[in-house]
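Spelled out from the first residue to the last, the chains are:
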Amino acid sequence: MATIVLTGATSGIGRQAALSLSAAGHRLLVVGRNDTLLEALVRDCTARGGPAPEPFRADLSLMREVRRVAAELSAAAPAIDVLVNNAGAIFDTRRETAEGLEMTFALNHVAYWLLTRLLLGNLAAAPEGRVVSTASAAHARGHLDFADLQSTRRYTGWGVYGTSKLANILFTRELARRLSADPRTPHVTASCLHPGFVATRFGDDNGLLMSASIRAAKVATALSEEKGADTLIWLATASDPASRHGGFFEKRRPGTLTAEARDDEAARRLWDATAAITGEPA
Ligand SMILES: NC(=O)c1ccc[n+]([C@@H]2O[C@H](COP(=O)([O-])OP(=O)(O)OC[C@H]3O[C@@H](n4cnc5c(N)ncnc54)[C@H](OP(=O)(O)O)[C@@H]3O)[C@@H](O)[C@H]2O)c1
C-alpha cells in the first residue's frame with residue numbers, strides 16, 4: 001500500500017479521492033485548513049472501513065505554512081510514494097496574502113511548487129515516487145506575463161485562475177525534465193490533470209455574480225465528484241507512471257494543451273521566477 005500526501009482533501013475532488021484511496025487501504029496524510037472538515041474526513045474514511053487518514057492543518061496560500069507542514073509531513077513519512085497537489089481556488093477580486101503574493105498565484109501555483117520542492121527527498125526515498133498536480137482545461141484562458149506575475153496591472157478572476165492552471169502544467173513539464181536529469185531522482189515522475197468540470201464547492205466563496213454563474217453551470221453540466229476524482233486516482237495509483245511522465249491528462253487520456261502550455265522555455269522561466277519568490281535554490 002502506498003503512502004500518499006493529498007492537499008485540498010477536505011472538499012470536492014480531493015475529498016472524493018481521499019475516500020477512495022483510504023477505502024483501497026492506502027496510508028493517507030491529508031492536508032486541510034479547517035480542523036472540523038479534517039475531522040469529518042477522518043470519520044468518513046474510517047466509517048467506510050479504510051485506515052484513518054493522518055490530518056495536517058495548513059493554510060497553503062502562505063509559504064511559511066507550506067514550510068511548516070512540509071517539515072511535519074517529512075517527519076511523519078520519510079518515504080512518500082505520491083504527493084497530490086490539489087488544493088486550489090478562484091477569486092473574483094484581487095487579494096494578497098500576508099506575504100504580499102496575489103492569492104491565486106500563491107495558493108494554486110507557489111504552494112504546489114514549494115511543497116514539491118520541500119518533499120523531493122521523501123519522494124526520492126520511495127521506489128517509484130510520483131507528483132500528481134490538479135491543473136485544468138481552464139489553462140486555455142491563462143497567459144503568463146513575466147513582468148507582472150502578481151497581476152497588479154490587470155485582474156480578472158477567470159484570467160488569473162487560468163494562468164495559475166497554466167502554471168501547474170508548465171511546473172509539471174519542468175519538474176519532469178529536472179527529475180529525469182537528476183541522478184538522485186530518475187525514478188520519480190510527475191504528471192497533471194484536468195478533472196473535468198465537477199460539482200464541488202469550487203467558486204462558491206465569491207461574490208454573487210461569480211458564485212451564482214458557476215453554480216448554474218454546475219447544475220447544467222458538471223460531473224459528479226466520483227467521476228471528477230477518477231483521473232487523479234488513476235495517475236496516483238496506476239502502474240507504469242513513467243509512461244505518463246510530464247504529461248497532462250483528462251479522462252485517463254492525454255488532454256489538449258495550448259501552445260503556451262507546451263512552451264518549455266516558459267516552463268524554465270517560471271521555475272526560476274518561483275524559486276526566486278520562495279527564496280529556495282532553483
Ligand atoms: N471543480 C472543477 O470543475 C475543477 C475543474 C478543473 C480543475 N479544478 C481544480 O481542482 C482542484 C480542487 O478543487 P475542487 O473543485 O475540488 O474545489 P473545492 O471543493 O473548493 O475544494 C478545494 C480544496 O482546496 C482547499 N483549499 C482552498 N484554499 C486553501 C488554503 N488557503 N489552504 C489550504 N487548503 C485550501 C479547500 O479547503 P476547505 O475545504 O477548507 O475550503 C478544499 O479542500 C483545484 O486545484 C481546482 O483548481 C476543479
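Our structure is the block above this text.
Because the structure is predicted, anything quoted here is derived from the model rather than measured. (Residues numbered from 1 in each chain as written. Predicted model: local features only at pLDDT ≥ 70, side-chain atom pairs only at ≥ 80, totals over all residues. Heavy atoms only, no water.)

Peer 1: Give a detailed account of the environment of Asp145, specifying residues and quantitative values.
Peer 2: Here Asp145 lies in the loop between strand E5 (130-134) and helix H5 (157-181). With 91 residues separating them along the chain, Asp145 and Glu54 place their C-alpha atoms 39 Å apart. (Helix = DSSP H or I, 4+ residues; strand = E, 2+ residues; numbered from the N terminus.)

Peer 1: Hey, could you go over the site of the ligand for me, with residue numbers and the actual values?
Peer 2: The environment of the ligand is made up of 31 residues, and the closest members are Thr10, Ser11, Tyr161, Val198 and Thr200. Ser11 has a polar side-chain atom sitting 2.6 Å from an oxygen atom of the ligand. Against a free-state accessible area of 890 Å², the protein chains account for coverage of 95% of the ligand. Contributions of two or more residues to the shell around the ligand are made by helix H1 (12-23), helix H4 (103-124) and H5. Its residues assigned to classes, the shell around the ligand shows 14 nonpolar, 13 polar and 4 charged. (Near = heavy atom within 4 Å. Polar contact = N/O pair within 3.5 Å; in protein donor to acceptor, adjacent residues only side chain to side chain. Areas by Shrake-Rupley, 256 points an atom, 1.4 Å probe, with all protein chains shown as cover. Nonpolar A, V, L, I, M, F, W, Y, C, P; charged D, E, K, R; others polar.)

Peer 1: Kindly report on the nonpolar core, identifying the contributing residues and their values.
Peer 2: For soluble globular proteins, the rule of thumb is that nonpolar side chains tend to be buried together. Within the largest apolar cluster, 56 residues are counted, with the highest numbers of intra-cluster contacts made by Val31, Leu60, Val69, Leu73 and Leu115. Contributing elements (two or more residues each) for this core: strand E2 (27-32), helix H3 (63-76), H4, H5, strand E6 (189-194) and helix H8 (264-278). Counting residues per element, this core draws most heavily on H4, at 13 residues. Aside from chain neighbours lying at most four places away, what touches Leu73 is Val5, Leu29, Val31, Phe56, Leu115 and Leu119. Counting 27 residues, the second-largest nonpolar core is a separate cluster that includes Ile13, Ala17, Leu28 and Leu235. (Core = buried A, V, L, I, M, F, W, Y, C linked by side-chain atoms within 4.5 Å. Buried < 20%, exposed > 50% of the residue type's maximum accessible area, 1.4 Å probe, protein only. Contact = heavy atoms within 4.5 Å.)

Peer 1: Break down H4 for me, with residues and values.
Peer 2: Between the first and last C-alpha of H4 there are 30 Å, a value that for 22 residues agrees with the 32 Å anticipated at 1.5 Å per step. Where H4 bends most, the angle comes to about 45°, and this point is Leu118. (Expected span 1.5 Å × (residues − 1). Bend = angle between axes of the 7 residues up to and from the residue.)

Peer 1: Which residues make up the pattern of salt bridges, and what values go with them?
Peer 2: Pairing between side chains becomes possible if they bear opposite charge and their charged atoms approach one another. A full pass over the atoms with the stated rule returns 19 salt bridges. Salt-bridge contacts for Arg95 lead to Asp92; the nearest nitrogen and oxygen are separated by 3.4 Å. A relative accessible area of 30% means that Arg95 is categorised as partly exposed. Given a relative accessible area of 25%, Asp92 falls into the partly exposed group. When the shortest N-O distance is used, the salt bridge between Arg130 and Glu128 registers 3.6 Å. Assessed through its relative accessible area of 7%, Arg130 is described here as buried. One network of salt bridges, with partners in common, ties together Glu174, Arg177, Arg178 and Asp272. (Salt bridge = Lys/Arg side-chain N within 4 Å of Asp/Glu carboxyl O.)

Peer 1: Explain the side chain of Thr200 to me, using residue names and the numbers behind them.
Peer 2: Considering the arrangement of structural elements, one finds Thr200 in the loop between E6 and helix H6 (208-221). Classification of Thr200 as buried rests on a relative accessible area of 14%. Separated by 3.0 Å, the side chain of Thr200 and the backbone nitrogen of Phe202 make a polar contact. If sequence neighbours within four positions are ignored, Thr200 has contacts with Gly12, Ile13, Lys218 and Glu225.

Peer 1: An account of the pairing of strand E4 (residues 82-85) is requested, with residue identities and associated values reported.
Peer 2: Of the two faces of E4, the one carrying Val82 and Val84 and the one carrying Leu83 and Asn85 are both buried. Summarising the sheet, strand E1 (residues 3-7) and E4 pair through 3 bridges and their orientation is parallel. Its bridge partner lying in E4, Ile4 is registered against Val82. Alignment of E4 against E5, held across 4 bridges, turns out to be parallel. Within the sheet, the bridge partner assigned to Val84 lies in E5 and is Val132. (Pairing = 2+ DSSP bridges.)

Peer 1: How would you sum up the packing of aromatic side chains? Please name residues and give values.
Peer 2: Overall, the coordinates contain 6 aromatic pairs when judged by the stated rule. Taken together, a centroid distance of 5.6 Å and an interplanar angle of 85° make the contact between Trp158 and Tyr161 edge-to-face. Here the residue Trp158 and the residue Tyr161 both occupy positions in helix H5, the gap between them amounting to 3 residues, near one helical turn. A centroid spacing of 6.1 Å and a plane angle of 10° characterise the contact between Phe171 and Trp271, whose relative ring orientation is stacked. Remark: Trp271 occurs in helix H8 and Phe171 occurs in helix H5; sequence separation between them is 100 residues. Of the two residues, Phe171 and Trp271, both sit in the buried class. (Phe/Tyr/Trp six-rings, centres within 6.5 Å; stacked < 30°, edge-to-face > 60°.)

Peer 1: Before we move on, could you go through the packing of H3 against H4 and cite the residues and values that matter?
Peer 2: To describe two helices that pack against each other, one gives the angle between their axes and the distance between the axes. The contact between H3 and H4 brings their axes to 10 Å, and the two run at 25°. Here H4 runs roughly parallel to H3, going by the angle between their axes. The hand of the H3/H4 crossing is right-handed. Where H3 abuts H4, its residues Met63, Val66, Arg67, Val69, Ala70, Leu73 and Ser74 lie against Val110, Ala111, Leu114, Leu115, Leu118, Leu119 and Asn122. (Axes fitted to C-alpha atoms, helices over the stretch in contact; angles between N-to-C directions. Parallel < 35°, antiparallel > 145°, perpendicular 65-115°, else oblique. Left-handed = near helix turned anticlockwise from the far one by under 90°.)

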